[in-house]
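Per-entry structural report
Here is how the chains run, residue by residue.
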Amino acid sequence: MHRITLINGDGIGPEISQSVMDIIKASGLEIDWDIQTAGADVIEQEGTPLPKRVLDSVRKNKVALKAPVTTPIGKGFRSVNVQLRKELDLFANLRPCKNLPGVKTRFDGVNLVVVRENTEDLYAGVEKQIDDDTAHSIKIITRGASERICKFAFDYAVKNDRHEVCCVTKANIMKLSDGLFLECFRKISQDYPQIKPREILVDNLCMQLVQAPTRFDVLVLPNLYGDIVSDLTAGLIGGLGVAQGANIGLDCAVFEPVHGSAPDIKGQNKANPTALLLSAVEMLKYIGEKTYAVKIEKALFKTLSEGFKTSDLGGNLSTTEFTQKVIENL
């Protein structure tokens, strides 16, 4: 039996976490969930949104499934997501982006993957208030982190029968920082002659993604561009409610949906568990339970193709009703 950390989050997190646990249990796979709380709901009791016990649990179990956690805008505590990635050195953010059956979108045939560097760039959080009217934020790009994420992208392409890796920068303007990232990409690409290397500027990429997203296969990006572009690609397949994600390091991995904690619908049984479920499917593949992963994914796809959806996708099912439909289709 696998022992896996479950960070059940806040807002809608506990609701969709329960949904995913119920579906996995119904599939026949037994998992010993190490349930950990984090986020806004634990600050009063423990003084931090990310208690040490959570990090200790992930380090011990090596794998975690994480529901969304609230991050205040412009004030309050630092993002739990950012802290997790930094503390556990989860250097690779993986965001598969593929059309789902029964979810109508502007484009068909979208099947790309965003590989985002997760530990540095402007997200390193090196900021300084210069005076009342000026603040500085430092963009950090290192050779070690850039080569590591580019190698991850090419390795992923080889393992998953992909044919191209496209490096996304703004190296024409940020010639030193983005230039270093691009230099590392070019170096690493030479070790993978079977994979076509490609380069594009981030603004041009965004334009092309909303015109013809099927032109792209695997994208590798520095942290900030990766964050923005991965949400854009989520919009191509139906929105954040169906967008899965993973944060992967050398020693452990945390799988999580892309969307936020949606506190406005907390406790209303409206939340869509699809993104967390797809993240769990990737997690099952990661731990070697591919048979169960495929079984759950097929049940989810059958549910969506039959028109059973939550309100965010134009349906009328509650969280628990949708969960039950997926379980029936197992």
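Everything here concerns the structure above.
Let me begin by describing the structure that accompanies this report.

Conventions we followed
Note that residues are indexed from 1 along each chain, following the sequence as it is written. Per-residue local features are limited, in this predicted model, to residues with pLDDT of at least 70; the limit for side-chain atom pairs, both in listing and counting, is 80 or more; totals at the level of whole chains, interfaces and linings are taken over all residues. For side-chain calculations, the full set of non-hydrogen atoms in the structure is used, while hydrogens and water are omitted. Strands here are runs of E lasting at least two residues and helices are runs of H or I lasting at least four, both read from the DSSP assignment and numbered beginning at the N terminus. Buried, partly exposed and exposed residues are distinguished by accessible area as a fraction of the type maximum, computed with a 1.4 Å probe on protein chains only: under 20%, between the cut-offs, and over 50%, respectively. Note on definitions: a residue-residue contact is assigned when non-hydrogen atoms from the two residues lie within 4.5 Å. Accessible areas in this description were obtained via Shrake-Rupley with a 1.4 Å probe; residue shielding takes into account the shown protein chains only. Charge assignment: positive for Lys and Arg, negative for Asp and Glu; neither His nor the chain ends contribute. Throughout, a charge is located at the NZ atom of Lys, the CZ atom of Arg, the CG atom of Asp or the CD atom of Glu. Here a strand pair is declared whenever DSSP counts at least two bridges between the two strands. Take the residue count of a helix, subtract one, and multiply by 1.5 Å to get its expected span. Between N-to-C directions, angles cover 0 to 180 degrees, with each direction set by a line fitted to C-alpha atoms, over the stretch in contact for helices.

On a plain count of helices and strands, the protein comes out with eleven helices and twelve strands. Counting only C-alpha atoms and orienting by the principal axes, one finds that the protein spans roughly 55 × 45 × 40 Å. Within the protein, the proportion of its 330 residues that are buried is 54%. For the protein, restricting intrachain contacts to residue pairs at least 6 apart in sequence, the fraction spanning at least 24 positions comes to 72%. As displayed, the protein has an accessible area near 15,000 Å², and 51% of this comes from carbon and sulfur atoms. Taken as two groups, the 40 positive and 42 negative side-chain charges of the protein have centres that lie 4 Å from each other.

The subject of this paragraph is unusual backbone geometry. With a phi angle near 55°, Asp161 is a residue other than glycine that sits in the positive phi range. Within the element layout of this structure, Asp161 appears in the loop between α5 (143-159) and β8 (164-169). Take Asp161: its relative accessible area is 59%, and that puts it in the exposed class. A positive phi angle, near 60°, is found at Asn269, a position not held by glycine.

With that settled, the discussion passes to the side chain of Gln36. Relative to the assigned elements, Gln36 resides in strand β2 (residues 31-36). Once you skip the residues sitting within four places of it in the chain, Gln36 turns out to touch Thr5, Leu6, Ile7, Asn8, Arg53, Val54 and Ser57.

On to the pairing of strand β7 (residues 134-137), then. In the sheet, strand β6 (residues 127-131) pairs with β7 via four bridges, with the strands oriented antiparallel. In the strand pairing of β7, Gln129 is matched with Ala135. In sequence, β6 turns back onto β7 through a hairpin of two residues.

This next bit is on helix α9 (residues 274-286). The first and last C-alpha atoms of α9 sit 18 Å apart over 13 residues, in line with the 18 Å expected at 1.5 Å per residue. Most of α9 is tucked away: ten of the 13 residues are buried. Residues Thr274, Ala275, Leu276, Leu277, Leu278, Ser279, Ala280, Val281, Met283 and Leu284 constitute the buried set of α9. The positive-phi residue at the C-terminal boundary of α9 is Gly288, with phi of around 90°.

With that settled, consider the sheet that holds strand β12 (residues 253-257). The pairing of strands in a sheet comes from backbone hydrogen bonds and takes either a parallel or an antiparallel form. The strand order across the open sheet formed by ten strands is β2-β1-β3-β12-β11-β4-β5-β10-β8-β9, and the pairing between neighbours is mixed. Single-partner strands in this sheet number two, and they are β2 and β9 (196-201). On average, each strand axis in the sheet is tilted by 25° relative to the strand beside it, whichever way the strands run. Pairing between β8 and strand β10 (residues 218-221): three bridges, direction parallel. By the bridge assignment, Cys166 is partnered in β10 with Leu219. Packed onto the sheet, helix α6 (residues 177-189) meets β8, β9 and β10 and runs at close to 165° relative to β8.

With 17 residues, α5 extends 24 Å from end C-alpha to end C-alpha; this agrees with the ideal 24 Å at 1.5 Å per step. Residues of α5 that are buried: Ala145, Ser146, Glu147, Ile149, Cys150, Phe152, Ala153, Phe154, Tyr156 and Ala157. Tucked inside the fold, the buried residues of α5 contact β4 (92-98), β5 (111-117), β8, α6, β10 and β11 (244-248). Downstream of α5 by a residue or two, Asp161 has a phi angle that is positive, lying close to 55°.

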